[in-house]
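One-letter residues, chain by chain:
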Amino acid sequence: MEFRPSLFTFDDGSAVMCKNCWKRRRPELLDTLSREAFGITPEKPEKVGFTELSEDDKCASGHAVLKRLSVEFETEKGLFSFPMNLFVPTAPFNAPSEYPASGAGFTLKRSPLILLINFRPDAYDMYYPAEEIIDHGFALGVIDYQAVTTDDADMTNGLAAMYTRRNDGTDWGKIGMWAFAMSRALDALETLPYLDTENVTFIGHSRLGKTALWAGAQDERARFVVSNDSGCMGAAYERAKNPGGETVKDITTAFPFWFCDNLRKYADDAESMPFDMHYLLALQAPRYLLVGSAEEDLWADPANEKACAEGVQPVWDLYGEKESIHYHLRTGVHFLGRPDWIEYLSFIEKHL
Ligand code: GTR
């Protein structure tokens, strides 16, 4: 028995040898993570739309517009919506006006999209240097995670209330719901001509880094997936934790509602899990995967984030991709700040 479940062994025991086999292995990994970790995601809604609530054309000293949108879609129990802030860079003054914005006097520049799932509703916030991201030529969509559903055990508010629960251990947890919102935001934004949705990035920090990874695993439209300090049940292996690292027991005790109930079966015995977090990282292949850690963030177990990011390279090898996984370790503590963004933006820019 291998130390960790093998990425390259089908559930029936046969070997995954090539790129085509990997395409059949992928749904097995998704199924395992759905049933045992994050819960089963509802069907994609048929139609997703949005309403533009307001537009600020003086944002970032005129370098961008800030649109406040409401993303809307049908669920099992009726219409659901959540707010999103969308920054779109404007074209230089007097540039040809391909995508005129409603305010006139400026035009929107077609821009690759970064979708950030964030901790707060503020349109300017300490987790993202908005102007710098805009100046690098990116549009930025920001979702306030708790406007989707609250970060607690209450399954009766927001998106949590919109689908019937089966109570069989596989009902989705809050991470699954936040991840679902990221994909629905992308559904809505995909229709906008001024967004380059061939070059979409999903990004999140910490619990929202876990969320960005789970969203990227399920939604292959994200060409870049960034996990910042996602740690336990994110980018870090759960077996053989390093001293100070958060364990499955810790996380299912403090935050059981982030996951499906089945995960709790493994609280005292992570070794018996039918997966480890290389499943989650491998599901990003062959796209670009960026994993960031911070030296002092021992709770997230940087060494195990690095080992896991390196450990999945053989999946990218099937595609002949040698430079698509980017690991970065910076000094300091648990945070998504400017140095992290600069690292990610420069990597993404090189691969647009
Ligand atoms: C911690 C949690 C981590 C991490 C972090 C965060 O308390 O144990 O798994 O997600 O919260 O999201 O800031």
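Here is a short report on the structure shown in this document. A quick note: this is a predicted structure, and the numbers were derived from the prediction, not measured. (Residues numbered from 1 in each chain as written. Predicted model: local features only at pLDDT ≥ 70, side-chain atom pairs only at ≥ 80, totals over all residues. Heavy atoms only, no water.)

**Quick notes on helix 1 (residues 19-38)**
Right, on to step 1. Of all the bends in helix 1, the greatest, near 25°, is centred on Arg 25, and the proline Pro 27 appears no more than four residues after it.
Right, on to step 2. Turning to helix 1, its buried residues are Cys 21, Trp 22, Arg 25, Arg 26, Glu 28, Leu 29, Thr 32, Leu 33, Ser 34, Glu 36, Ala 37 and Phe 38.
Right, on to step 3. Lining the buried residues of helix 1 we find helix 4 (174-189), helix 5 (207-218), helix 7 (278-282) and helix 9 (313-317). (Bend = angle between axes of the 7 residues up to and from the residue. Helix = DSSP H or I, 4+ residues; strand = E, 2+ residues; numbered from the N terminus. Buried < 20%, exposed > 50% of the residue type's maximum accessible area, 1.4 Å probe, protein only. Contact = heavy atoms within 4.5 Å.)

**Observations concerning the pattern of salt bridges**
Right, on to step 1. Across all of its chains, the model carries 28 salt bridges by this definition.
Right, on to step 2. A salt bridge links Asp 187 to Arg 221, with the shortest nitrogen-to-oxygen separation between them at 2.8 Å. Here Asp 187, found in helix 4, pairs with Arg 221, found in the loop between helix 5 and strand 7 (222-228); they are 34 residues apart in sequence, far enough to count as distant.
Right, on to step 3. Since its relative accessible area comes to 8%, Asp 187 is described here as buried.
Right, on to step 4. For Arg 221, a relative accessible area of 21% puts it in the partly exposed group.
Right, on to step 5. Note that Asp 261 is salt-bridged to Arg 264, the shortest N-O span being 2.7 Å. (Salt bridge = Lys/Arg side-chain N within 4 Å of Asp/Glu carboxyl O.)

**Section: the packing of aromatic side chains**
Right, on to step 1. Within the structure shown, the criterion is met by 21 aromatic pairs.
Right, on to step 2. Residues Phe 8 and Trp 22 carry aromatic rings whose centres are separated by 6.0 Å and whose planes lie at 45° to one another, so their mutual orientation is tilted. Of this pair, Phe 8 sits in the segment before helix 1 while Trp 22 is found in helix 1, placing the two residues 14 residues apart along the sequence.
Right, on to step 3. Taking 6.2 Å as the distance between ring centres and 65° as the angle between the ring planes, the aromatic pair formed by Trp 258 and Phe 259 counts as edge-to-face.
Right, on to step 4. For Trp 258, a relative accessible area of 3% puts it in the buried group.
Right, on to step 5. Phe 259 sits in the buried class, given a relative accessible area of 3%.
Right, on to step 6. Pairwise contacts between aromatic rings join Phe 38, Trp 214, Phe 255, Phe 257, Trp 258 and Phe 259 into one cluster.
Right, on to step 7. For Arg 4, the ring lying beneath its charged end belongs to Tyr 237, and the centroid distance is 3.4 Å.
Right, on to step 8. Lying across the ring of Phe 180, Arg 184 places its NZ or CZ 4.6 Å from the centre. (Phe/Tyr/Trp six-rings, centres within 6.5 Å; stacked < 30°, edge-to-face > 60°. Lys NZ or Arg CZ within 6 Å of the ring centre and 35° of its normal.)

**Remarks on the pairing of strand 2 (residues 64-75)**
Here is the key point about a regular strand: its side chains alternate between the two faces of the sheet.
Right, on to step 1. Within strand 2, nine of the twelve residues are buried, which leaves the element mostly enclosed by the surrounding structure.
Right, on to step 2. Bridge count between strand 1 (residues 48-59) and strand 2: nine bridges; the pairing is antiparallel. Among the inter-strand pairings, Cys 59 is bridged to a residue of strand 2, identified as Ala 64.
Right, on to step 3. Connecting strand 1 to the next strand, strand 2, in antiparallel fashion are four residues, including Ala 60 with a positive phi near 50°.
Right, on to step 4. For strand 2 and strand 3 (residues 78-89), the ladder comprises twelve bridges, and the chain directions are antiparallel. (Pairing = 2+ DSSP bridges.)

**Quick word on the site of the ligand**
Right, on to step 1. Ser 206, Arg 207, Lys 210, Glu 246, Ile 251, Phe 255, Trp 258, Trp 299 and His 334 make up every residue found near the ligand.
Right, on to step 2. A distance of 2.7 Å is found between an oxygen atom of the ligand and a side-chain nitrogen or oxygen belonging to Ser 206.
Right, on to step 3. Take Trp 299: an N or O atom from its side chain is 2.9 Å from an oxygen atom of the ligand.
Right, on to step 4. Residues of the shell around the ligand, tallied by class, amount to four nonpolar, two polar and three charged. (Near = heavy atom within 4 Å. Polar contact = N/O pair within 3.5 Å; in protein donor to acceptor, adjacent residues only side chain to side chain. Nonpolar A, V, L, I, M, F, W, Y, C, P; charged D, E, K, R; others polar.)

**Some details on the packing of helix 4 against helix 5**
Right, on to step 1. Contact geometry for helix 4 and helix 5: axes closest at 8 Å, N-to-C directions at 60°. Overall, the two elements helix 4 and helix 5 adopt an arrangement that is oblique. Considering how the two elements wind past one another, helix 4 and helix 5 form a crossing that is right-handed. Only Arg 207, Leu 208, Lys 210, Thr 211, Ala 212, Trp 214, Ala 215 and Gln 218 of helix 5 make contact with helix 4, whose side of the interface consists of Ile 175, Gly 176, Trp 178, Ala 179 and Met 182. (Axes fitted to C-alpha atoms, helices over the stretch in contact; angles between N-to-C directions. Parallel < 35°, antiparallel > 145°, perpendicular 65-115°, else oblique. Left-handed = near helix turned anticlockwise from the far one by under 90°.)

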